[in-house]
Amino acid sequence: MTTKTNRRQFLTGAAAFSAAAVVPGVQAKHHDHSGPDTLPKLTHTVFFWLKNPESKEDRDALIAGLKTLADIDTVKGIHIGVPASTEEREVVDNSYQVSELLFFDDVEGQNAYQTHPIHEKFVEECSHLWRKVVVYDSIAV
């Protein structure tokens with residue numbers, strides 16, 4: 001690779017993980033950031049609709065539960081959020097109350113997460129809060 005390509009890869013990777021380190025709600029874990037080809041390959045995106053969507057207490061309880069998932073060793077990064085007050089457009093669905101985005105190195109890491117005691121405890125303690133969950137898993141190409 002040329003110096004220009006290496007520099008671009010370094011800057012791209014550094015920017016992505018620097019943003020994760022300073023944006024509220026994002027927690028990045030140690031990862032090899034030498035370029036975009038080494039970023040976590042699998043994303044696990046989950047949207048939650050609460051049974052009581054107006055309840056700040058229920059929302060905060062779900063967020064607190066989600067934050068515990070960062071302690072699972074195969075989780076390489078986590079972002080927990082609520083709908084942003086961006087422009088209303090036909091393609092934007094902001095009907096959910098809470099979202100999470102988790103990063104994994106591979107499918108095996110995500111599979112281990114699913115059966116990890118911390119994840120199982122989260123589901124046990126928080127599933128009464130939501131009425132609907134939608135999951136999107138994707139792997140980098």
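Residues numbered from 1 in each chain as written. Predicted model: local features only at pLDDT ≥ 70, side-chain atom pairs only at ≥ 80, totals over all residues. Heavy atoms only, no water.

Novice: Go over helix H4 (residues 117-126), please, and point to the residues and values.
Specialist: Buried within H4 we find His 119, Phe 122 and Cys 126. The buried residues of H4 occupy an angular sector of 55° when the element is viewed end-on, so they sit on one face. Every exposed residue of H4 that faces more than 90 degrees away from the buried side is listed here: Pro 117 and Glu 124. In this structure, the buried residues of H4 make contact with strand S2 (42-50), helix H2 (56-67), helix H3 (107-114) and strand S5 (130-139). (Buried < 20%, exposed > 50% of the residue type's maximum accessible area, 1.4 Å probe, protein only. Helix = DSSP H or I, 4+ residues; strand = E, 2+ residues; numbered from the N terminus. Arc of directions from axis to C-beta. Contact = heavy atoms within 4.5 Å.)

Novice: I'd love a proper account of the pairing of strand S4 (residues 98-104), names of residues and values included.
Specialist: Summarising burial for S4: 5 of the 7 residues are buried, a large majority. Across 7 bridges, the pairing between S2 and S4 is antiparallel. By the bridge assignment, Thr 43 is partnered in S4 with Phe 103. Across 5 bridges, the pairing between strand S3 (residues 77-81) and S4 is antiparallel. (Pairing = 2+ DSSP bridges.)

Novice: So what's going on with the confidence of the model for the protein chain? Which residues, and what values?
Specialist: Per-chain confidence: the protein chain averages 83 in pLDDT, with 73% of residues scoring 70 or above. Note on residues 1-26: pLDDT is under 50 here. Beyond four places in sequence and across chains, it has 18 contacts. Within the model, the stretch residues 30-34 combines pLDDT values under 50 with 9 contacts to residues more than four positions away or in other chains. (pLDDT = per-residue confidence, 0-100.)

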